[in-house]
Amino acid sequence: MPRWRLDDVMVSFASDQGSVGPHLDQYDVFLIQGSGTRRWRVGEKNQAITKHSPHPEISQIKAFATDLDITVKAGDLLYIPPNTPHWGESIGDSICYSVGFRAPNLEAITQQLLDESAEQLNRLWSDENILAASSSSGEINAEISAWARDEIHKLTVDKKLKIAVGKEVTQLKYPELLAEVSLCEAQELSELAIVSSFKLNSISRLAYFQEGNDLMVFANGHYISANPEVLELVIALNNYQTIALRNFNINSDRARDFLCELILTAAIEFIE
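Given the structure is predicted, the values throughout are model-derived calculations rather than measurements.

*Asks:* Any chance you could explain helix α5 (residues 183-195) here in plain terms?
*Replies:* For the α-helix, the turn length of 3.6 residues means that residues three or four positions removed from each other point alike. If you check which residues of α5 are buried, you get A186, S190 and A193. Viewed along the axis of α5, the buried residues span an arc of 60°, placing them on a single side of the element. Within α5, the exposed residues directed more than 90 degrees away from the buried face are E188 and V195. Structurally, α5 contributes buried residues whose contacts are with β8 (197-200), α7 (252-264) and β13 (268-271).

See the structure below:
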């Protein structure tokens, strides 16, 4: 799994018969039983269900048709696909680790694209040289829809769509957990990174697109236009490696500039 797919790990404690009730998740979930035992009832994926929402942050549902009824013990792992109804109920005291894997949401990517293309979207239609006497009837000229279609298509064929996707898949769920870094601090720390060891921050998300000689890097929802020379470094960071730049064949100025951008996003941490 690429690092950016990991959404979060939720640890839940429940006393006897404790439960959040039947519910759905919109992404892949791995349920790892930590201690104690739990009974899990799982239904068929995408079955017709009735939702109700006593809790605003849980997609709770009413009773569903059960395909699997199983009791898990410490160390057992249960995989729940997206849109699959499930219901866990503790038997005695128990702890469960829920590992969720995010997937890009089309609505969110579209919103990112709109934000990225604000200036282009502000263009106005012009009916210069196409008005005729019949225009007063109120009929919408077919050229306006063709113009809108072509302009919207332009947004999806240049880098803007890839930038929107990259920003969305690396957005942090809890950005407040990372301290903001000023440009001055980032420049100073990038000098330190040249001679010190560092790694990707444990909650950071790092991804990239490679297109010809272009390397488009995304860190914590930010876009960095990078030199392909740093690709080896990006891959090493994503593989949880501790980095010492002396082990990489990268121009020191390019490395310093790239690291400054990463530090600005609070994506890396230093090893003492």
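What follows picks up the thread again.
*Asks:* Would you take a moment to explain the pairing of strand β6 (residues 77-80) for this structure?
*Replies:* Remember that side chains alternate between the two faces of the sheet whenever the strand is regular. Alternating residues of β6 divide into L78 and I80, all buried, and L77 and Y79, none buried. Examined bridge by bridge, strand β3 (residues 28-43) and β6 share 4 bridges and lie antiparallel to one another. The partner of F30 across the bridge, within β6, is Y79.

*Asks:* Before we go on, may I ask you to explain a nonpolar patch on the surface in this structure?
*Replies:* Residues L6, V9, V11 and Y97 make up a contiguous nonpolar surface patch of roughly 330 Å² in combined accessible area. Top element by residues in the nonpolar patch is strand β1 (residues 6-14). It accounts for 3 residues. Take L6: it is sitting in strand β1. On the accessibility criterion, L6 (33% relative accessible area) is partly exposed.

*Asks:* I'm lost on the sheet that holds strand β9 (residues 206-211) in this one. Help?
*Replies:* Hydrogen bonds between backbone atoms are what pair the strands of a sheet, whose relative direction is either parallel or antiparallel. In space, the 3 strands of this open sheet follow the order β9-β10-β11, with antiparallel pairing throughout. Edge positions in the sheet fall to β9 and β11 (222-226), since each of these pairs with one other strand and no more. Geometrically, the sheet is characterised by an average inter-axis angle of 20° between neighbouring strands, direction not taken into account. The strands touched by helix α4 (residues 159-169) are β9, β10 (214-219) and β11; relative to β10, the strand with the most contacts, the crossing angle is about 30°. Against the sheet, helix α6 (residues 231-238) touches β9 and β10, its axis set at about 150° to β9.

Cut-offs applied
- Residues numbered from 1 in each chain as written.
- Predicted model: local features only at pLDDT ≥ 70, side-chain atom pairs only at ≥ 80, totals over all residues.
- Heavy atoms only, no water.
- Buried < 20%, exposed > 50% of the residue type's maximum accessible area, 1.4 Å probe, protein only.
- Helix = DSSP H or I, 4+ residues; strand = E, 2+ residues; numbered from the N terminus.
- Arc of directions from axis to C-beta.
- Contact = heavy atoms within 4.5 Å.
- Pairing = 2+ DSSP bridges.
- Patch = residues over 30% accessible without salt bridge, like charges linked within 9 Å, V, L, I, M, F, W, Y side chains within 5 Å.
- Areas by Shrake-Rupley, 256 points an atom, 1.4 Å probe, with all protein chains shown as cover.
- Salt bridge = Lys/Arg side-chain N within 4 Å of Asp/Glu carboxyl O.
- Axes fitted to C-alpha atoms, helices over the stretch in contact; angles between N-to-C directions.

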